[in-house]
Structure formats: C-alpha cells, structure tokens
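Residue-level structure breakdown
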Amino acid sequence: MNELHYQLDLLKAINQKLAEKERMYTKVCESAEGAFLYYSYEKNQITTLGQWKDFFDFNVNEPKDFSKILDVVEEPYVLALRDILYLEKMKEETATLDCQLKGKRIWLQFRTQIYYDQNGIPTDKVIYISNITKTKSQNEELTYMAYYDGLTGLYNRNYFVRLLSEYIRNASENNSVVSVMIIDIDEFRKINDGIGIVVGDELVQQFGIFLKEICEENVIACHLHSDVFCVAIYQPSASKNVETIYKAILKRTKEAFHISSGQEIHITVSVGVAEYPEASKSPLELINCAEIVVFRCKKQGRNMLQYFETPVLTDFLDSIELENKLKKAVFNKDFYMYYQPQYYAGNRRLRGVEALIRWKDDESGMISPSTFIPIAEKNGTIIPIGKWVVEESIKQYAAWRKQFGFPFIMSINISALQNKKDDFVDSIVEVLNKYKVKPGEIELEITESVLIDDFQSVSEKLKMLRDYGIRISLDDFGTGFSSLSYLKKLPIDTLKIDKSFIDTVLTDSATRIITESIINMVKALGIESIAEGVEEEQQYKYLHAIGCDVIQGYLFSKPLSPEEFEAVVSGSL
Ligand code: C2E
Ligand code: MG
Ligand code: MG
C-alpha cells in the first residue's frame, strides 16, 4: 500500500513538473513576436504555437496541410519554401527564407531547424515564422537611396558616376564617344529666394521627371545637386546626341512649369558639354569640364549650349588660382589705396579724389581691380575688402583734412553686395563718427548694377545715406542699362560719364549728341557731372564747353599713392 502511495505521489510530482514545463514553453512561445511550427516526425503531427493566428487564418496539423502555407506566398518563393517545409535533411543545421505573401506587401521569414537522433534520423523540426516587412522596406529604402535621388527619382551622383565609368570603359574598348551634358537652370537662386524653396524644389522635381522621360537605352541622367543635372550619352548617334537632347530641352522649356501652388514658371537653362575621350578620360573630370563650360555660359549671358575646349580650362584654372590668392590677400590685407584727383573743369581746382584699390601680389605684381573686384564680388570677399576700403579712405581723408586745412570730396566705390548688407548705412556712419569726418565730404560711387535687382530697397537705402548728408554718385553711366528717365527718380548728387563715351566723343557724332544731352539733362535736374578717363586736352576743352562740371583722367593726373598726392597738393599750394 505504501508502495502504491509512493508511486502515486511520484506520478503527481512528475505531472506537476511537466505541467509547469508546458506552461513555461507556452509562455515563452506566446511572448515571442512570431509563430512557431513544431513537427514531430515520430507522431507525424504538427503543433502551432506563438502568434500563429496573426499570420495565418488556417490551421496546420499534419504535413499535407503545408500546402495551405504554400498557397499564400508569392510564386517565386514557393519552391524554396516547399524545401524548408518538407525537407528531412538539410546541408546546414538551420535554413532561412524570406517570402512575400501573395498580393500583399507583407514579408515573412521562415527559419527552420531539424533535430536528429544519434543515427542521423530526423526526430523534430521547428520553424519560426516572423514578420520582417519593416526591415525589408527599410532595406528597400536604403537600396533606393544608394542609387536614386529622392527628389527627382533620377540616379544620384554616386551611382551615375559608376554608370558613366562603365560607359567610358566600354567606349575605350569600342573606340567610341561618351558625351556628358551639365544642365543648369538659369537664375535658379532668384526663383528660390523670390518665390521660395518649396517652389524651387518642385521645379527641380518636374525638370528631373522630364529628363527621366528623355532617357533611353545608352542615355542616363542624374540630379547632381541643387538645380544642376547631368546627362551622359553612350555612343551618340544621329537620332540620339547632344543636339537632339538639347532640342528636347528647349522644346520643354518653351512651355511653363505648372507648380501645384498655382504659379507658372518659365525657365531657361545653360548647358555645358564635355566628351570622352577628347576632354578627359576620367568620369569625374568629364563632369568637371562640362561644369566649367556651364560657368562660362553663365558669364556670357545664359540660355545657351557650349562645348568644352582646352583654353576654357586654362582660363578657369587661372581664375581659381587668382581666387585662392585673393582669399589670402584679404587675410593678410595686401591692399593699398591710390587716389585719383578730380578737378573742376572751369577753374581746374581740386574737387576731390576717387579712392581706388590696388593689390600687389608677390608673384603676379600689380593686379588690376577690374580683374579681382568681379571675383571678390562672386566669392563674397568684397565684403571684408569693401569694409577695409571704406575705413582706410575715410581715415586717410581725416588725416589730409587736418594736414591741408581745407575740405574736398573723398569718393569711394561701393559694390552691389556691400550695399545689400543690412548694416551698410550704419557701418558707414560709424566710420564717419570714428574719424570725425563730415558726411558732406564723403561720396559713395555706385553703379547701375546695384539698382537692377531691387530698385526700391536700394534707392531707399541711398535716400537714408543722403538724408544723413553723404553724397551719392552714379558711376560708369552709359555702360549698363543707362536710361535718362530713371535719373529723376534716383537720389543722386553726381553722375560720372563713362570713359567709353569720352574716348569717342570727339570722333563719333552719335556719342557727341548723347553726351551733350546727358549733360544738359543732369544740369536741369541739379546733378553734378563728371567725365571719367579724360586723356586729351581737346577732350577736356570740348567737355568744358558743353558744360561738364568736373574732369577726371590721366590728362590731369593718374591715380596717386598718398605720398604722391600729398606732394601734388603741397606743390599747388
Ligand atoms: P571706376 O570706378 O570707373 O574707376 C575709374 C577707373 O578708370 C580706374 O581704374 C582709373 O584708374 C581708370 N582711369 C581713370 N582715368 C583714366 C584715364 O584717363 N585713362 C584710363 N585708361 N583709365 C583711367 P582702376 O583703378 O583700374 O579701377 C577699375 C575699376 O575697379 C573701378 O572703375 C571700379 O569699378 C573698381 N574699383 C576700384 N577700386 C575699387 C574699390 O575700392 N571698391 C570697389 N567696389 N571697386 C573698385
Ligand atoms: Mg568709380
Ligand atoms: Mg567709372
């Protein structure tokens, strides 16, 4: 009897242990995010555990039910999944397979493991099924990002360069040509700054979509950056070459781009072309060469296509070298100021001086401001340079005013970019106060280019300066969009007639008529006139006769160093 009791207790204990174990296994399986499928070979029976119901709406109880799983996966995965489900022996201990469910964007992963006894006979199989849709789509996104540009759907720069390298490799084997076109939307900054970057982005997107449509076999396109695209053509032919693509672009840009916010935008593009093997044999260099040509198109008036030629590169490299030198010069303040006297035409007395910057470079010697000021305007160094010019000239004037004991006018050239800065007016006033200079003895020379972008805000700024008593002079009149009609609206004291007029005033009757009418007009408006670049006595006499107020030019004096100017003033006293 005792023996029976003992057996019963033992059985109970074993049962309890088993129940605990089963509970533990069920809990572990339930806590997993996936579903388990357990197959016992001996019993030929299948148990499903975990989140089975989240994955499938049917049950699987024996091997023939596996076909239900095969029915719900996409065709390309059926065979491989059949192996995983039915195989009894595998090369590896585990096998993994990713399958997409039929008609859905859901991805399941099947990971299977088979257990064997000591004789190598399979005993159990466990398949763990998990939902990997999220990781899959992240991977897809990463793959997309590796090859494509998110905004336009065109290839991205890296992948494009890889494809271009392949084009070049093939072309070198077949002795053929690869054309590379850089396409740059003209005045894109104006669109971005003026209408907003959202519109700018949509425009780039639409243009990208258009380029994608013109791609075909042996033609690829990419979005390089911002508003710049690149197209490569392998083995250009009569029906597919730079010209045919450019024609398609011109046709498209004739029509407006319709932006979803309702705007209609018309654009033009500048296109630079460089070809393998003529321009370069490397993909990156080819792209660079085409970019350099675009740069030249922009300088020559935009809306055009140009081909790369070797001299373009040398010019470009020179300008890059100069640009680097200029940056160093700004840092070291390697500049000097020269001053060119201006005289009243009537009595030949000193009216004032124009402050002109000089840059002496150790290697290249004197570099003309006509060469480096445009570069400084482009790369922004004109701001520190201009600041230095203003301070140096006003400081110099304060010293001379004290030294000579009489006032005259210090005329300072101001570039468009300087004038655009918000603190422009304040910064000038600050320097005047610092050196205790009267505003009426300082004149700022601006060119018409300052006015083109934003007539309203520039003329308001000029008005503020004038209200403060500073004189304003319009420089190089006659070279730009000069129109006498807007002179009335401009707050200016002085108008400088450009040297190009003075050069031909004696020989060309049309120039003479224009010059005379300019002088009459400004006189009527109470504006002072200055003739620039007067080199001959005859020119001076004529200009004096027609009523020009002030003469500046080599005839009377070249620009002078401060010491030279001091000598001239002391000599004339
Ligand atoms: P600009 O303001 O029209 O200056 C007049 C230019 O004509 C000066 O050239 C002057 O040396 C030159 N010039 C004067 N009289 C004659 C003459 O009789 N014959 C000839 N052949 N030339 C004459 P420069 O000094 O080479 O300056 C060139 C341009 O560079 C200036 O034209 C001005 O636009 C710019 N620039 C010069 N200094 C500065 C500066 O400090 N700041 C800015 N923003 N621009 C400057
Ligand atoms: Mg000037
Ligand atoms: Mg001038």
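So, here is what we can say about the structure in this document.

1. Remarks on the coordination of the magnesium ion (ligand 3)
Surrounding the magnesium ion (ligand 3) are the protein donor atoms Asp-475 (OD), Asp-476 (OD), Glu-532 (OE) and Glu-532 (OE), which sit 1.9 to 2.4 Å from the metal. Positions of the donor residues of the magnesium ion (ligand 3) along the chain correspond to the pattern D-D-x55-E. Between the magnesium ion (ligand 3) and the magnesium ion (ligand 2), both coordinated by Asp-475, there is a metal-metal distance of 4.0 Å. Taken together, the residues span a long stretch of sequence, with Asp-476 in strand S18 (residues 471-477) and Glu-532 in the loop between strand S20 (528-531) and helix H21 (537-545) at a distance of 56 residues. Take Asp-476: its relative accessible area is 25%, and that puts it in the partly exposed class.

2. A closer look at the site of ligand 1
Neighbouring ligand 1 are 22 residues; Glu-354, Arg-358, Asp-475, Glu-535 and Tyr-554 lie closest to it. For ligand 1, a nitrogen atom lies 3.0 Å from a polar atom in the side chain of Gln-340. Between ligand 1 and Glu-532, the relevant distance is 3.1 Å, taken from an oxygen atom to a side-chain nitrogen or oxygen of the residue. For ligand 1, whose accessible area on its own is 790 Å², the fraction buried by protein is 82%. Of all the elements in the fold, those that place two or more residues in the shell around ligand 1 are strand S14 (350-361), helix H12 (369-379) and S18. It is S14 that contributes the most residues to the shell around ligand 1, four residues altogether. Here the shell around ligand 1 is composed, by residue class, of eight nonpolar, six polar and eight charged.

3. Some details on the pairing of strand S1 (residues 35-40)
In terms of burial, S1 is largely enclosed, as five of its six residues are buried. Pairing geometry for S1 and strand S5 (residues 122-131), over six bridges, is antiparallel. Directly across from Ser-40, in S5, lies its bridge partner Asp-124. A loop of four residues connects S1 with strand S2 (residues 45-50), the two strands running antiparallel in sequence, and Asn-44 in this loop sits at a positive phi of about 50°.

4. Quick word on the coordination of the magnesium ion (ligand 2)
Each angle at a metal carrying four tetrahedral donors should ideally be 109.5 degrees, and each at a metal carrying six octahedral donors should ideally be 90 or 180 degrees. Protein coordination at the magnesium ion (ligand 2): the donors are Glu-354 (OE), Asn-413 (OD1), Glu-445 (OE) and Asp-475 (OD), at 2.0 to 2.2 Å from the metal. The exposure class of Glu-354 is buried, given its relative accessible area of 3%.

5. Points about the sheet that holds strand S12 (residues 305-307)
Ordered by their spatial adjacency, five strands build an open sheet running S7-S8-S6-S11-S12, and the pairing between neighbours is mixed. Each of the sheet's edge strands pairs with one partner strand only, and the pair in question is strand S7 (219-225) and S12. Across this sheet, the average inter-strand angle for adjacent strands is 20°, counted without regard to direction. In the sheet, strand S6 (residues 178-185) pairs with strand S8 (residues 228-234) via seven bridges, with the strands oriented antiparallel. Residue pairing for S8: Ile-183 is matched across the bridge by Phe-229. Of the strands in this sheet, S6, S7, S8, strand S11 (269-276) and S12 are in contact with helix H9 (residues 242-254), which crosses S6 at around 20°.

The rules behind the values
For every chain, the first residue of the written sequence is number 1, and numbering continues from 1 onward in sequence order. Throughout, the order in which chains and ligands are written sets their labels, letters from A for the former and numbers from 1 for the latter. Restriction of local features to residues with pLDDT of at least 70 applies here, the model being predicted, together with a cutoff of 80 or more for giving and counting side-chain atom pairs; totals for whole chains, interfaces and linings are based on all residues. For the side-chain quantities, the full set of heavy atoms in the structure was used; hydrogens and water were omitted. Donor atoms are limited to N, O and S found within 2.8 Å of the metal ion, a distance that becomes 3.2 Å for Na, K and Ca. With water left out, some sites might look partial. Only DSSP runs of H or I covering at least 4 residues are called helices, and only runs of E covering at least 2 are called strands; the numbering of each starts at the N terminus. Three labels apply to residues, based on accessible area from a 1.4 Å probe with only protein chains included: buried if under 20% of the type maximum, exposed if over 50%, partly exposed otherwise in between. Nearness here has a simple test: a residue counts as near a molecule or strand if at least one of its heavy atoms is within 4 Å of that partner. For this analysis, a polar contact is any N or O atom pair within 3.5 Å, provided that within protein one partner can donate a hydrogen and the other can accept it, and provided that sequence-adjacent residues contribute only side-chain to side-chain pairs. Throughout, the Shrake-Rupley method with a 1.4 Å probe supplies accessible areas, and for residues the shown protein chains are the sole cover considered. Gly falls in the polar group here, along with every residue not listed as nonpolar (Ala, Val, Leu, Ile, Met, Phe, Trp, Tyr, Cys, Pro) or charged (Asp, Glu, Lys, Arg). Strand pairing is defined by DSSP finding a minimum of two bridges between the two strands. Axes here mean lines fitted to C-alpha atoms, for a helix over just the part in contact, with angles spanning 0 to 180 degrees between N-to-C directions. A contact between two residues is defined here by any heavy atoms of the two lying within 4.5 Å.

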